[in-house]
Amino acid sequence: QVQLVESGGGLVQAGGSLRLSCVASGSIFSINAMGWYRQAPGKQRELVATKLSGGSTNYADSVKDRFTISRDNAKNTVYLQMNSLKPEDTAIYYCNVRTRRPVYDYWGQGTQVTVSS
């Protein structure tokens, strides 16, 4: 039974910060990447940030220079430090783990982030 458990979401005022955490447990092998996606009401889920096991990162243009993704590979944990939050960052944030052999995507249930103006 594979589980991804997110934490750290909440309500914050514009300009504030939050730190999201995601712990992957169960029989997960050959992890290629861990990352974060988000989905706002009425919009499609979009990439926020990912980090490959080799260390490279990818950020959405809208969060570049404000968010930082990090990983603890030994603990199968990924973090998202979110600074200078804006109301448009309001969304449900989902943790993602992509494996390599075979390629498969695991998803958490999501954590709500709400940024007030």
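Up top is the structure these notes are about.
Residues numbered from 1 in each chain as written. Predicted model: local features only at pLDDT ≥ 70, side-chain atom pairs only at ≥ 80, totals over all residues. Heavy atoms only, no water.

Asks: Any chance you could explain the sheet that holds strand β1 (residues 3-7) here in plain terms?
Replies: What links the strands of a sheet is backbone hydrogen bonding, and the strands pair in either a parallel or an antiparallel sense. With antiparallel pairing, 4 strands are arranged side by side in an open sheet as β1-β3-β8-β7. Strands with a single pairing partner mark the edges of an open sheet, and in this sheet they are β1 and β7 (67-72). Direction aside, the axes of adjacent strands within the sheet are offset by 15° on average. Sheet topology places β7 next to strand β8 (residues 77-82); 6 bridges connect them, and they run antiparallel. In the strand pairing of β8, Asp72 is matched with Thr77. (Pairing = 2+ DSSP bridges. Helix = DSSP H or I, 4+ residues; strand = E, 2+ residues; numbered from the N terminus. Axes fitted to C-alpha atoms, helices over the stretch in contact; angles between N-to-C directions.)

Asks: Sorry if this is basic, but what is going on with the state of the cysteines here?
Replies: Disulfides are covalent bonds that connect the sulfur atoms of two cysteines. According to the stated counting rule, one finds 1 disulfide in the structure shown. A disulfide bridge connects Cys22 with Cys95, and the sulfur atoms are separated by 2.0 Å. On the sign convention where negative means left-handed, the S-S torsion of about -85° between Cys22 and Cys95 marks this disulfide as left-handed. Of this pair, Cys22 sits in strand β3 (residues 18-25) while Cys95 is found in strand β9 (residues 91-100), placing the two residues 73 residues apart along the sequence. (Disulfide = S-S within 2.5 Å.)

Asks: Would you take a moment to explain the nonpolar core for this structure?
Replies: Core analysis: the largest hydrophobic core is formed by 27 residues, its most contacted members being Trp36, Val48, Phe67, Leu80, Met82 and Tyr93. Listing elements by their share of this core, those giving two or more residues are β3, β4 (31-39), β5 (46-52), β7, β8, β9 and β11 (111-116). In contact with Phe67, other than residues within four places in its own chain, are Arg38, Val48, Tyr59, Leu80, Gln81, Met82, Asn83, Leu85, Asp89 and Tyr93. (Core = buried A, V, L, I, M, F, W, Y, C linked by side-chain atoms within 4.5 Å. Buried < 20%, exposed > 50% of the residue type's maximum accessible area, 1.4 Å probe, protein only. Contact = heavy atoms within 4.5 Å.)

Asks: It is not clear to me how the environment of Leu80 should be interpreted in this structure. Could you clarify?
Replies: Here Leu80 shows up in strand β8. Here Leu80 falls in the buried class, since its relative accessible area comes to 0%. When the C-alpha positions of Leu80 and Phe67 are compared, they lie 6.7 Å apart, and in sequence the two are 13 residues distant. Excluding residues that lie within four positions of it along the chain, Leu80 makes contacts with Leu18, Arg19, Leu20, Trp36, Val48, Ala49, Phe67, Thr68, Ile69 and Tyr93.

Such coordinate-based values are descriptive only and should not be taken to indicate function.
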